[in-house]
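Observations on chain architecture
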Amino acid sequence: MTHDAVPRTGTQDAETDGAPSEHRLTTREAAERLGVKPETVYAYVSRGQLASRRTPGGRGSTFDAAEVDALARRTGRREPPPSAAGDLVFRTGVTLIEPDRYYFRGVDATELSRHHGYEEVAEWIWTGELRPGARFTAAAESLAAARLTAASLPRHSSSTDRLRAAVAAAAAADPLRFDLSPEGVLNSARSLIPTLVGALPTAGEPGSEADGDGSLAADLWPKLSARPADAAWLTVLDTALALLADHDLAASTLAARVAASTHAHPYAVVSAGLGVLEGPLHGAASGPAHRMLSEVVERGGAAPVVADHLRAGRRVPGLGHRLYTGEDPRATALFALLDEMPQAAPAMAAARDVVATATRHTPLHANVDLALAVFSVACGMPAQTGETVFAVSRTAGWIAHAMEEYAERPLRMRPSGLYVGPRPPQPLPTTSGTDVAGSQAPGQGTVGPQAASPRRRGPAN
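Let me begin by describing the structure that accompanies this report.

One recurring pattern in soluble globular proteins: nonpolar side chains tend to sit buried together. If you look at the biggest cluster of nonpolar residues, it comprises 101 residues, and the most contacted ones within it are Trp126, Trp233 and Leu293. Broken down by element, this core gets its largest block of residues, 11 residues, from helix H18 (residues 385-406). Residue contacts for Trp126: discarding those within four places in its chain leaves Arg105, Phe136, Leu186, Ala189, Arg190, Ile193, Ala396, Ile399, Ala400 and Met403. Leu25, Val36, Tyr44 and Val68 belong to the second-largest nonpolar core, a separate cluster that totals 13 residues.

Each strand in a sheet pairs with its neighbour through backbone hydrogen bonds, running either in the same direction (parallel) or in the opposite one (antiparallel). Strand order in the open sheet formed by 3 strands is E5-E6-E7, and the pairing between neighbours is antiparallel. Edge positions in the sheet fall to strand E5 (95-98) and strand E7 (107-108), since each has one partner strand and no second. Of the pairings in the sheet, the one linking E5 to strand E6 (residues 101-104) comprises 4 bridges and is antiparallel in character. Across the sheet, the residue bridging to Ile97 is Tyr102, located in E6.

Of the two faces of strand E4 (residues 61-64), the one carrying Ser61 and Phe63 and the one carrying Thr62 and Asp64 are both buried. Sheet topology places strand E2 (residues 23-26) next to E4; 3 bridges connect them, and they run antiparallel. From the neighbouring strand, Thr26 faces E4, where its bridge partner is Thr62. Bridging between strand E3 (residues 53-54) and E4 involves 2 bridges; their strand directions are antiparallel. Residue pairing for E4: Arg53 is matched across the bridge by Thr62.

About the cut-offs
All chains use their own residue numbering, which begins from 1 and follows the written sequence. The model is predicted, so local features are restricted to residues of pLDDT at least 70 and side-chain atom pairs to those at 80 or more, both for listing and for counting; the totals for chains, interfaces and linings are taken over all residues. The basis for every side-chain value is the complete set of heavy atoms in the structure, and neither hydrogens nor water enter the calculation. Joining through side-chain atoms within 4.5 Å is the link that ties buried Ala, Val, Leu, Ile, Met, Phe, Trp, Tyr and Cys residues into a set, and such a set is a nonpolar core. Partly exposed residues are those whose accessible area sits between 20% and 50% of the maximum for their type, while under 20% is buried and over 50% is exposed, using a 1.4 Å probe and protein chains only. Only runs of H or I of at least four residues qualify as helices and only runs of E of at least two qualify as strands under DSSP, and these elements are numbered from the N terminus. Every residue pair with non-hydrogen atoms within 4.5 Å of one another is taken to be in contact. In short, DSSP must find at least two bridges between two strands for them to pair.

Nothing here speaks to function; it is all geometry.
Spelled out as structure tokens, the structure:
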């Protein structure tokens, strides 16, 4: 795949005297790069900290990009203001999400995933460079520690339980985990991801793993299914891994960035992400979609299953996404591959039936959880398959965001709480329900003046 150069941000002045001028920025672009309001940019000009040039026609000014960058280094970039909705906003060069598609470092993520395997996509997310044929290798000592620790968990433990244990064990076995240089972080990541896969138990008999092509998808397949995979199914799994590698500041990624802002090592960053990913509204959302789709296939139609969900007050899983106005582009890409798999036909038909039935009165569209459910149901995999794929894949995104955060001001994410508790001063509590003066604490004991708050007049009811 050929990657066209991404156009630079900013404006270019017309050539003067036959020589190209320096890279110029508009006022808005300079303000964004500095993390300030446009008015502050002009304040820098008035103080002599920044030079400006009037644009042709006299409307607005432009600024030398190199000079703006130098000023940003001297003053330190300020945090962008909160969005109108009050959400946190962070600068990132990893993923851009638009209403109908998303991009990894400026390249359409679905196209990138169609032409490149997971490891190559991860390298692109981390470095902005392609490494054709990239493969990740686990460090022997870390892998052994991760396998031993994950295997010691109870038999009923989920894959995410085992992944969290594996990360902690791998970290303890890596004396270089505190190296936060870009190369040190990348070395840890290239070893950690295959370690996570290697620590999971095989779905078939021990030692039944078939020799794959060395890709992460080939190593992960026998952890998900007891039957051998052909090239077509490995392509579906590899594409799913690539598509899920990052998705901007999802909840788990925000947790990972908070950890990175303390300069926690990459293993701790991944542990933070895994802790949030297990939530039923995030990485674990594909499990309910799998169970619903299995029931639709078994019962021969979506209508009774959808009705049961709505009657119980439950949302129909696998539908809708707050960031996309139409179908989740990740689901679209996976459905295109699954449509070509005869074995997936019943699950695909069930998914389409769910969408058609559940959206008769509400315009909802399939999301990636429904596509992962089609994959796992069609292959006879367990309900937690989607969560496992999600966790392994998203590790690449957490690492990419950690690398960005390591370059930012440490501990910059320190929101203030809005206290809504009792106003001080309050009496010291005791185990008997009385304050240190011997009187009963408010709300305790007999109703009457003794039970009243010191500031209240009358009963405390």
